[in-house]
Amino acid sequence: MTAVLTRRPGLARIRAAAPPLHIACLALVAVVVLAALLAPWLAPHDPNTVDLGDALAAPSAAHPFGVDAAGRDTLSRLVLGARTSLLGPLGVVAFSTVAGIAIGTAAAWRGGWLDSVLSRSTELVFAFPGMLLAILIISVYGEGLLAPVLALAVAYTPYVSRLTRSLVLVERARPYVSSYRVQGHSALQICLRHVLPNIAPVVLAQSAINFGYALMDLAGLSFLGLGVPALTPDWGRMVFDGQTAVQHGYPLSAILPCAVIVLTVVAFNVVGERWADLVARRDR
């Protein structure tokens, strides 16, 4: 009896490997990133043009999502706001990932007193809420994007460092590490060329999840009026500005940025969790 082997088409394999929710979230992430990159060409109006005579106007052909309380086009501010709203989390994730990998790798590889000092230090950061740290720094340095990004990056670093430390401990015990040591490779060479590439997929999956949380935290700071300056298009700032419209019975300018923030955060979390699940399946 001859077995007949069939091969699925590429699209069918993709559908079988990824559930519809993951595909939808991945598509949403791609749309948001493209909107941020192409914002100056996609925005139909200047996001900072004020027209008080047209304030709180309903959606129309000229303004598909209506106008806010200052007479600014909501769609244009949403599109341009994608740049600031994604740039901040990108800075948080980039800084915390690099710092967390360095701290976690050093702690796991060296061990001893260095491991104890670095581990206790990250535990102290865990005990201090990131949002409170950001508020304290903003109160000293004033509004802007740099202060909250640095504060949240410090708060997110322990999550990456703990994950990296546990992964490096596993990799360090593998036979290939001993083999490279016998061949005379330095610890730095082994970590950079072999250990870190092996753990990179898991760390990147965690970074994707951290991106969503950082976006939400920075939007919360902007909503409190502690983030970007007032004239800068930003989703969290739009919710803050939309409070006036809600009080006058026109909630659209506040609901739309809220919906975009929620959907984007969920999309990044789903993509990150799916990525982590695929990595876990690969390692089984």
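Residues numbered from 1 in each chain as written. Predicted model: local features only at pLDDT ≥ 70, side-chain atom pairs only at ≥ 80, totals over all residues. Heavy atoms only, no water.

**Focus on the overall build of the protein**
Step number 1: Regarding its fold elements, the protein presents eleven helices and zero strands.
Step number 2: Relative to its full complement of 284 residues, the protein shows a buried share of 39%.
Step number 3: Long-range pairs, those at least 24 residues apart, make up 70% of the contacts in the protein between residues at least 6 apart in sequence.
Step number 4: Summing over all exposed atoms, the protein offers an accessible surface of approximately 15,300 Å²; the carbon and sulfur share of this is 68%. (Helix = DSSP H or I, 4+ residues; strand = E, 2+ residues; numbered from the N terminus. Buried < 20%, exposed > 50% of the residue type's maximum accessible area, 1.4 Å probe, protein only. Contact = heavy atoms within 4.5 Å. Areas by Shrake-Rupley, 256 points an atom, 1.4 Å probe, with all protein chains shown as cover.)

**Structural notes on the environment of Gly-249**
Step number 1: Structurally, the position occupied by Gly-249 is in the loop between helix 10 (235-247) and helix 11 (252-283).
Step number 2: Taking the relative accessible area as the measure of exposure, Gly-249 reaches 51% and is therefore exposed.
Step number 3: Considering only alpha carbons, one finds Gly-249 and Leu-56, 193 residues apart in sequence, at a separation of 9.5 Å.

**A few points about empty space enclosed by the protein**
Taking a probe equal in size to a water molecule and rolling it over the atoms shows the remaining empty space.
Step number 1: A complete count under the given rule lists two cavities of 30 Å³ or more for this structure.
Step number 2: In this structure, the largest cavity encloses a volume near 80 Å³.
Step number 3: Around the largest cavity, the lining is made up of 13 residues, and of these Ser-85, Leu-218, Ala-219, Ser-222 and Asp-234 lie nearest the centre.
Step number 4: Contributions of two or more residues to the lining of the largest cavity are made by helix 4 (74-110), helix 9 (187-223) and helix 10.
Step number 5: With four residues, the top contributor of residues to the lining of the largest cavity is helix 9.
Step number 6: Across the lining of the largest cavity, the residue classes break down as seven nonpolar, five polar and one charged.
Step number 7: Lining the second largest cavity are Asp-68, Thr-74, Arg-77, Met-238, Asp-241, Gly-242 and Ser-253.
Step number 8: Counting residues per element, the ones that place at least two in the lining of the second largest cavity are helix 4 and helix 10.
Step number 9: For the lining of the second largest cavity, the element with the most residues is helix 10, which contributes three residues.
Step number 10: Its residues assigned to classes, the lining of the second largest cavity shows one nonpolar, three polar and three charged. (1 Å grid on protein atoms, 1.4 Å probe; cavity = no way out; pocket = protein on both sides within 12 Å on 5 of 7 lines; lining within 4 Å. Points joined across faces, edges and corners; volume = space filled by probe spheres on them. Nonpolar A, V, L, I, M, F, W, Y, C, P; charged D, E, K, R; others polar.)

**What to know about the pattern of salt bridges**
Step number 1: What the rule picks out here adds up to five salt bridges.
Step number 2: A salt bridge links Asp-115 to Arg-165; the shortest N-O distance between them is 2.8 Å. Placement of Asp-115 in helix 5 (residues 112-126) and of Arg-165 in helix 7 (residues 146-172) is noted, with a sequence separation of 50 residues between them.
Step number 3: Overall, Asp-115 belongs to the buried group, its relative accessible area being 13%. (Salt bridge = Lys/Arg side-chain N within 4 Å of Asp/Glu carboxyl O.)

**A short note on the packing of helix 4 against helix 5**
Step number 1: Running from amino to carboxyl end, helix 4 crosses helix 5 at an angle of 145°, the nearest separation of the two axes being 7 Å. Handedness of the helix 4/helix 5 crossing: left-handed. Residues Ile-103, Ala-106, Ala-107 and Arg-110 of helix 4 form the contact with helix 5, whose participating residues are Gly-112, Leu-114, Asp-115, Leu-118 and Thr-122. (Axes fitted to C-alpha atoms, helices over the stretch in contact; angles between N-to-C directions. Left-handed = near helix turned anticlockwise from the far one by under 90°.)

**Looking at the nonpolar core**
Step number 1: Judged by nonpolar contacts, the single largest core of 21 residues is most densely connected at Leu-86, Phe-211, Leu-215, Trp-235 and Ile-261.
Step number 2: At the level of secondary structure, the elements contributing two or more residues to this core comprise helix 2 (20-37), helix 4, helix 9, helix 10 and helix 11.
Step number 3: Here this core takes seven residues from helix 11, the largest share from any one element.
Step number 4: Of all hydrophobic cores here, the second largest spans 13 residues; its members include Val-149, Ala-153, Ala-155 and Ala-214. (Core = buried A, V, L, I, M, F, W, Y, C linked by side-chain atoms within 4.5 Å.)

Geometric values such as these leave the question of function open.
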